[in-house]
Amino acid sequence: MGNFKYQISPIIPTSNFNTIGIFDDQYIHSTNSALDDFTEKRRALFILLSPYQHNITQVPYELTNMVLLGCVSAVESYIRKILRNIINVDKSSSVKCAKETIKYGAVLYHSDKNMLPEALLEGYSFANGNNIKEAVKKFTGINCESTEINVVLKEFSKICQLRHCIIHRFSLLGLDNAMLLGIANHKQYIEKPIKIDFDHLNEIVQVCENVVKVINNHLFCEVLERTYYEKTEIWYSDFRRDKKIFKRYYSLFKDSSVNIDEKLIYKEFIKTMNNKYGKDYPFRQNCC
Amino acid sequence: MDILENEENGFEERADYLSEDELIKWNVDIPYFNTIQKKLIEKGAKVIVGPRGSGKTHQMKIAYNNCLKVKNKPLAIYVSFNKYYHLEPLLSKNPAAITIFHTWVLCKIILACIDTVRKLNKNEPPLNLDKIDTYNNIVIEKVEKFVAHAEKDVQETWHSDILNNITIQYVIDYLSKSMALCGRKRIVLLLDDAALTLTKEYMIEFFDIFRSLKTLTISPKASVYPGTTEYGPRFHLKQDADPHMIWFEPEGQEYADFINELCKKRFNSIEIDDGIKELLKYASFGNPRAFIILLKDYEENRLKTTQVVFNEIVDTRCKLLKDEYLSIKQKLSQYSTIIDTGWEFFEEILKEITTANRKLFNSNKKQIVIGLLDNRDKSIERMIKFLIEAGLLYELGPVKHGENREYKRFIPHLIFLFQKRAFSKSRGFNINEILEFLKRKNYKHPLRKDNISKMINTEMLNLNLPPCTHCGASRLSENQKFCHICGNELISRSSFEKCMQLTIDKLPLTEWQKTKIMEETDLKTVKDFLSIPDIGSELRKPHGIGQKRAETIINKVYKLIEEFLA
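Now for a look at the structure at hand. Small disclaimer: the values here were computed from a predicted structure and weren't measured.

Residue and element names in this part refer to chain B. One open sheet holds the four strands; their spatial order is E8-E9-E7-E11, and the pairing between them is mixed. What marks the edges here is a single partner per strand, and that holds for strand E8 (393–401) and strand E11 (447–449). Put simply, the sheet's adjacent strands are angled 30° from each other on average, direction ignored. For E8 and strand E9 (residues 405–412), the ladder comprises seven bridges, and the chain directions are antiparallel. Within E9, the residue paired with His401 across the bridge is Arg405. Relative to the sheet, helix H16 (residues 378–389) contacts strand E7 (370–373), E8 and E9, its axis offset from that of E8 by approximately 135°.

Here we take up the sheet that holds strand E1 (residues 46–49) of chain B. Residues and elements named next belong to chain B. A sheet is described by the order of its strands in space; here five strands give the open sequence E2-E3-E4-E1-E5, paired in parallel fashion. The open sheet has two edge strands with one neighbour each: strand E2 (75–80) and strand E5 (242–245). Across the sheet, the mean angle from the axis of one strand to that of its neighbour is 20°, orientation sign disregarded. As paired elements, E1 and E5 share four bridges and run parallel to each other. Of the residues in E5, the one forming a bridge with Val47 is Pro243. The strands that helix H9 (residues 200–213) touches are E1, strand E3 (187–192) and strand E4 (218–224); relative to E4, the one it contacts most, it runs at about 155°.

Let's shift gears to the environment of Met179 of chain B. The residue Met179 of chain B is located in helix H8 (residues 168–181) in this model. For the pair Met179 of chain B and Thr217 of chain B, spaced 38 residues apart in the sequence, the C-alpha separation amounts to 9.3 Å.

We now examine the packing of aromatic side chains. Residues and elements named next belong to chain A. In the structure shown here, the tally under the stated rule is 47 aromatic pairs over all chains. Plain terms: the ring middles of Tyr228 and Tyr281 are 5.9 Å apart, the flat faces sit at 10° to each other, and that makes the pair stacked. In this pair, Tyr228 is assigned in helix H9 (residues 198–229) and Tyr281 in the segment after helix H11 (262–277), connecting sequence segments 53 residues apart. Note on accessibility: Tyr228 and Tyr281 belong to one class, buried. Judged by centre distance (5.6 Å) and plane angle (35°), the ring pair of Tyr229 and Tyr277 falls under tilted.

Conventions and cut-offs
- Counting of residues starts from 1 at the beginning of each chain's written sequence and follows it residue by residue.
- Chains and ligands are labelled sequentially in the order written, the chains with letters from A and the ligands with numbers from 1.
- Note on the predicted model: pLDDT of at least 70 is required for a residue's local features to be given, and 80 or more for side-chain atom pairs to be given and counted; whole-chain, interface and lining totals, by contrast, use all residues.
- Hydrogens and waters are ignored; side-chain quantities use all the structure's heavy atoms.
- Strand pairing is assigned whenever DSSP detects at least two bridges linking the two strands.
- Here a strand is any run of E in DSSP of at least two residues, a helix any run of H or I of at least four, and the numbering for each starts at the N terminus.
- Axis lines are fitted to C-alpha atoms, over the contacting stretch for helices. Their N-to-C directions set the angle, which ranges from 0 to 180 degrees.
- Contact definition: two residues touch when any of their heavy atoms are within 4.5 Å.
- Classification of ring pairs uses Phe, Tyr and Trp, with its six-membered ring standing for Trp, and accepts pairs whose centres are within 6.5 Å; under 30 degrees between planes counts as stacked, over 60 as edge-to-face, and the remaining range as tilted.
- Buried residues are those whose accessible area, probed at 1.4 Å on protein chains only, stays under 20% of the maximum for their type, while exposed residues exceed 50% and partly exposed ones sit between those limits.

Structure representation (structure tokens):
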């Protein structure tokens, strides 16, 4: 006797679905800083709410959920780009990564050599505060330890729990997520849907923005100081001579929404370095 | 009398500046305060609600001293949070602001606990923080330093040790250890100046901590202002803490008893005319601090005639109260229009009450209560709350009139009614006449007002939030951080306000330009550059500034605004 077979719902076949054609092969990577890219993505996501400007309380929760997913994804994308850029530009980081292995396919298929660091990050997910810290440490050797970073990453991890619920459970709060968020305060919400209103969404997006900005600030200072301290770049304390190198680093972290003369930042950097290590430090012979 | 002798004569009106001895010596022991003392010392979380100067700090300090001296009373820990505004700037620039504030509150409680334990001649229990040196005094020094750093916006890497280790549970454990060490059975946490009115975010966090610190043996007590205190979504007044009002009913017997006792204990060296004392009692509107200030002002001007002095001190006090109320605008700019409309509303109430009393001159009744039909309009409620917080309206319980109509009842500050001569029959100043009027019974019903929009333009009760600096779209909510139209980040209130308040002398202009603008135009701050419709013509007023120069100036100012808010 044959097995029981019954079609409860009729199925419309998707004859020939394939993923070719759903990618934009004409896309050219922007030369903007990773932070500017993030801001652009975040902006594009937030504009999705504009049709509801006259009735913001009516924004469907499905849409606010999607904006949350998009924002977390934009944060992940920022981390990938900033790490890639640092590895490409900063000598200490590239030396550190030289020991790491990547898939042979990466060398074979990545047409742009500057994209190779992406292969290092292939198995990583940054939808978690600790992963971000670990990856930064592993690929750049920089410690992400400060009150600000800890606070924003802790908040970001909470958002990642929400993201998990939205992706895997159509926004119902799962037991594991509730435990990670603090079971005492969340037990009554288990298997209940997430409902993000406009004010909540603003806060969530702000947390994502803060993660990016705090890490961007931290990495900028740490990477730059290390070039001075480890002498991977020679700094002459003269803007005319140092301009090129400074710009190369600064452009990785630049925030175009802030109107500031980069020469001022350079001066601040050189002043601090001179005070901390001495003016002749870049030219001093290392003694063993 | 020489005013420099104030201290000896008891004219210092703030409990914060009184010594322990003075506090106890001058403390007025009446049933009204005994109830408050009981609330402060008994078990359970309590919130003491009263306007500035109503005696909150005084009562907390008395309770503290009482507990310190009597062994079978609970261990009392007194902390004042009046320095919270030092942490306000963090809110607009440091993502960790709330966490720093949270730990700042906990650290202040620990330090106050250590202080109490030491006052009881005991050695405080060890703090035992991970990673931090084991010597207790070094750890205490670090906690002290953290508090100071948080207030000065200094950040150091070792702060993370404090931030990670000092948690609510840690504080509960530490307090319990201290309690056992001092041989007490319970703890009362006297958390003074907890209204934190300028920073909603901190206020909400504070009451979250307050709620979490409550245990079987720890009873937190906080003092707040009436009206505008926001307790946040996780804290429910009445359920999480029992509120208790500390504001004498302005014409009640308890306040009269208090004034008599206060004069006997604190001002027995001064001869005060009974009539004047009585008038000052009404004029101080149930507020002990106001009474002391008025009495001081009166004493300072004794040589003048009673009428002149009284009118002068009434005018000065009215101006002060008005300025104090309107100053909320500078601090919470988003409420500017609401505050202004609130003042108009208050003036209207005064007008109506004055007219009502003029009609009652020849009867044996007075009318000082206004009844507003409760239509649960949030924006009107918010406006009234600001007036209550400033102590301009005293709320009596609501009354019903008919089936579905409930009236909220308020007494407007009596000193303004004095100023309006609401109780003076004749042109001159007759203390007995005014007092006779004030001592009359109240008219049976309040002066009922069913429609507030007939008194003021209620359409004006909107928040003043700056629009998006990129596309000009108006904000949709107070908590909005990104523009819903163009997606750009919105400028935080604080920096926006600071920028608008920059004065001409701080602008990047030449000295000559500054002087000319300051002396010959109406422009005072950056705000004026944006609010005056035809700024070009205004700038061309001074001789020597033509079209070109005006343009340069405008461009410079716009550039400054851009940089400031970037």
